[in-house]
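One-letter residues, chain by chain:
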Amino acid sequence: MKRGTVLISLAALVATGVAALGFAPYLYVESWPYLNTPAAMSDAPVRLVKGRMFDDYFAIQDLGDGAHAIGEPRYYQANYSYLIVGEKRALLFDAGSGTRDIRPVVKSLTNLPVTILPSHLHYDHFAGLHPSDRLALVDLASTRADVVGGRFSPGRYEFLGMFDELTRPSVPVAEWIKPGATIDLGGRTLRLLSTPGHTPQSVSLHDPQGRRLFTGDFIYPTMLYAFLPGADLGVYRRTADRLLLDFPPDTRLWAAHCCRRNEGYAAPWLGMNDLADLHRALQEIEAGERASTGFFPRRYHVNDQMDIGTPLFSLGH
Ligand SMILES: [Zn+2]
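What counts as what
- Residues numbered from 1 in each chain as written.
- Predicted model: local features only at pLDDT ≥ 70, side-chain atom pairs only at ≥ 80, totals over all residues.
- Heavy atoms only, no water.
- Helix = DSSP H or I, 4+ residues; strand = E, 2+ residues; numbered from the N terminus.
- Rg over C-alpha atoms; globule rule 2.2 N^0.38 Å.
- Buried < 20%, exposed > 50% of the residue type's maximum accessible area, 1.4 Å probe, protein only.
- Contact = heavy atoms within 4.5 Å.
- Areas by Shrake-Rupley, 256 points an atom, 1.4 Å probe, with all protein chains shown as cover.
- Lys, Arg positive; Asp, Glu negative; His and termini not counted.
- Charge placed at Lys NZ, Arg CZ, Asp CG, Glu CD.
- Donors = N, O, S within 2.8 Å, 3.2 Å for Na, K, Ca; no water.
- Tetrahedral: all angles 85-135°; square planar, octahedral: opposite > 155°, others 65-115°.
- Pairing = 2+ DSSP bridges.
- Axes fitted to C-alpha atoms, helices over the stretch in contact; angles between N-to-C directions.
- Disulfide = S-S within 2.5 Å.
- Left-handed = near helix turned anticlockwise from the far one by under 90°.
- Nonpolar A, V, L, I, M, F, W, Y, C, P; charged D, E, K, R; others polar.
- Expected span 1.5 Å × (residues − 1).
- Phe/Tyr/Trp six-rings, centres within 6.5 Å; stacked < 30°, edge-to-face > 60°.
- Lys NZ or Arg CZ within 6 Å of the ring centre and 35° of its normal.

Participant: How do you make sense of the overall build of the protein chain when you look at a structure like this?
Facilitator: Secondary structure assignment for the protein chain yields 8 helices and 19 strands. Taking 317 residues into account, the globule formula puts the C-alpha radius of gyration at 20 Å, and the protein chain, at 20 Å, falls close to it. Oriented by its inertia axes, the alpha-carbon framework of the protein chain measures out at about 80 × 45 × 40 Å. Within the protein chain, the fraction of its 317 residues that count as buried is 51%. A fraction of 62% describes how many contacts in the protein chain between residues 6 or more apart in sequence connect residues 24 or more apart. Here the protein chain displays about 14500 Å² of accessible surface, and carbon together with sulfur accounts for 55% of that area. When the 31 basic and 33 acidic side-chain charges of the protein chain are each reduced to a single mean position, those positions are 2 Å apart.

This is the structure:
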């Protein structure tokens, strides 16, 4: 072979390798349904550590100060949504996985009108949305871009419904909320924070009355996913940095996936010390100073509550 041909072949090989790494998150999500059997709902009896069962599927836990956790302990991802009740209306942070209809659970907790605000657009938080629900969304260029004909429908790689063989909901947006804006529930206000990292559209909700932050999938016990399409390690680290500066050390972080290590089924929570550990881990991952295992996702230990999974190379900035 001529030298030029060898060089061209090598360049093509390198380009293919780089492209494959860049597309790894997309290959991962597209191949997942072919390589895995969709996890059915667990038939094992649920033993709650706190709270009570609503029926044989949903768990309810009163967090005090008008907030309730609504868990799906039998769902394979053990999602938790949160209902915060004011004097005039209530806000449901995440719509659940849609495995069962969450609306009767919400109705059992409040008679007030309910607005649903998703922490992000992934199927396990968004698929429970019903076309007649009152949807509030973070006002970003990327969420506005998903509105067609007056209805919002998340993109294929924003929703990731292929994991549960779900079709994307299509719902009118009742309320656009700017990052940093307050949400008046009557007698209490919440504040929406843009907290990208897990996904670009991820938000957290600050509840000053309860001295807590509902974090969605930004931080939760078990393994954080920073390797799916849209995740960005540099953005993740900067968000963690901002939250550490903005909130006092006694802020309780209520997360969207169960469970705390060695605790069992209960609304999952973490502290600001866990956020500080995550921030440190992200700094060290960026600097190449933290040991990892695995290839995709590459897994880093954060602390006794958390690991974080990342792509082999971060394409972030
Ligand atoms: Zn999730």
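After that view of the structure, there is still more to cover.
Participant: Mind showing me how you'd approach the coordination of the zinc ion here?
Facilitator: Four donors placed tetrahedrally around a metal ideally meet at 109.5 degrees, and six donors placed octahedrally ideally meet at 90 or 180 degrees. Coordination sphere of the zinc ion, protein contribution only: Asp124 (OD), His125 (NE2), Asp217 (OD) and His257 (NE2), at 2.1 to 2.3 Å. Geometry at the zinc ion is irregular, judged from its 4 donor atoms and the angles of 90 to 168° they form at the metal. Counting gaps between the donor residues of the zinc ion yields the pattern D-H-x91-D-x39-H. Grouping residues by exposure puts Asp124 and His125 together as buried.

Participant: Please explain the sheet that holds strand E18 (residues 298-303) as it appears in this structure.
Facilitator: Adjacent strands of a sheet pair through backbone hydrogen bonds, lying either parallel or antiparallel. If you trace the 3 strands from one edge of the open sheet to the other, you get E15-E19-E18, paired in mixed fashion. Taken across any chain shown, the strands that pair with only one partner, and hence form the sheet edges, are strand E15 (222-225) and E18. Strand-to-strand, the axes of this sheet are offset by a mean angle of 30°, without reference to chain direction. Looking at chain direction, E18 and strand E19 (residues 306-310) are connected through 5 bridges and run antiparallel. If you follow Asn303 over to E19, its bridge partner there is Met306.

Participant: What exactly am I supposed to notice about the state of the cysteines here?
Facilitator: Each disulfide is one covalent bond, formed between the sulfur atoms of two cysteines. Under the counting rule described, the total for this entry stands at 1 disulfide. The side chain of Cys258 participates in a disulfide bridge whose partner is Cys259; the two sulfur atoms lie 2.0 Å from each other. One quick way to see it: the torsion about the S-S bond of Cys258 and Cys259 is about 100°, and its sign makes the bridge right-handed. The pair Cys258 / Cys259 is uniform in exposure class, with both members buried.

Participant: Sorry, what's going on with the packing of helix H7 (residues 233-246) against helix H8 (residues 272-286) here?
Facilitator: If you want to describe how two helices pack, look at the angle between their axes and the distance between the axes. In the contact formed by H7 and H8, the axes pass within 9 Å of each other and the chain directions differ by 145°. As H7 packs across H8, the resulting crossing turns out to be left-handed. For the pair formed by H7 and H8, the contact residues are Leu233, Gly234, Tyr236, Arg237, Ala240, Asp241, Leu243 and Leu244 on the first element and Met272, Leu275, Ala276, Leu278, His279, Leu282, Gln283, Ile285 and Glu286 on the second. Split into classes, the residues belonging to the contact of H7 with H8 amount to 11 nonpolar, 3 polar and 3 charged.

Participant: Looking at this structure, how should I read the environment of Gly264?
Facilitator: Looking at the secondary structure, you find Gly264 in the loop between strand E16 (252-255) and strand E17 (269-270). Separated by 40 residues in the primary sequence, Gly264 and Leu224 have C-alpha atoms spaced 18 Å apart. Residues within four places of Gly264 in sequence aside, it is in contact with Val49, Cys258 and Cys259.

Participant: Just to check I follow, could you spell out H8 for this structure?
Facilitator: In an α-helix, one turn spans 3.6 residues; hence positions three or four apart end up facing the same way. Here H8 spans 21 Å end to end across 15 residues, near enough to the 21 Å set by a 1.5 Å rise per residue. Of the positions making up H8, those classed as buried are Met272, Asp274, Leu275, Asp277, Leu278, His279, Ala281, Leu282 and Ile285. Count one or two residues on from H8 and you reach Gly288, which has phi positive near 70°.

Participant: Sorry if this is basic, but what is going on with the sheet that holds strand E14 (residues 212-216) here?
Facilitator: Read from one edge of the open sheet, 6 strands run E11-E12-E13-E14-E16-E17, paired in mixed fashion. The sheet is open, and its two edges are formed by strand E11 (182-184) and E17, each paired on a single side. Pairing geometry for E11 and strand E12 (residues 189-194), over 3 bridges, is antiparallel. For Ile183, the partnering residue across the bridge sits in E12 and is Leu190.

Participant: Help me understand the packing of aromatic side chains in this model?
Facilitator: By convention here, two paired aromatic rings are described through the distance between centres and the angle between planes. Applying the stated criterion across every chain yields a total of 16 aromatic pairs. Look at Tyr82 and Trp254: their rings are 6.4 Å apart centre to centre, the planes differ by 55°, and that puts the pair in the tilted class. One end of the pair, Tyr82, is in strand E4 (residues 80-85); the other, Trp254, is in strand E16, with 172 residues separating them in the sequence. Of the residues examined, Tyr82 reaches a relative accessible area of 1% and is grouped as buried. An aromatic cluster is present here, built from Tyr28, Tyr225, Phe227 and Phe296 joined pairwise through their rings. Over the ring of Trp176 we find Arg144, and its NZ or CZ is 4.3 Å from the ring centre.

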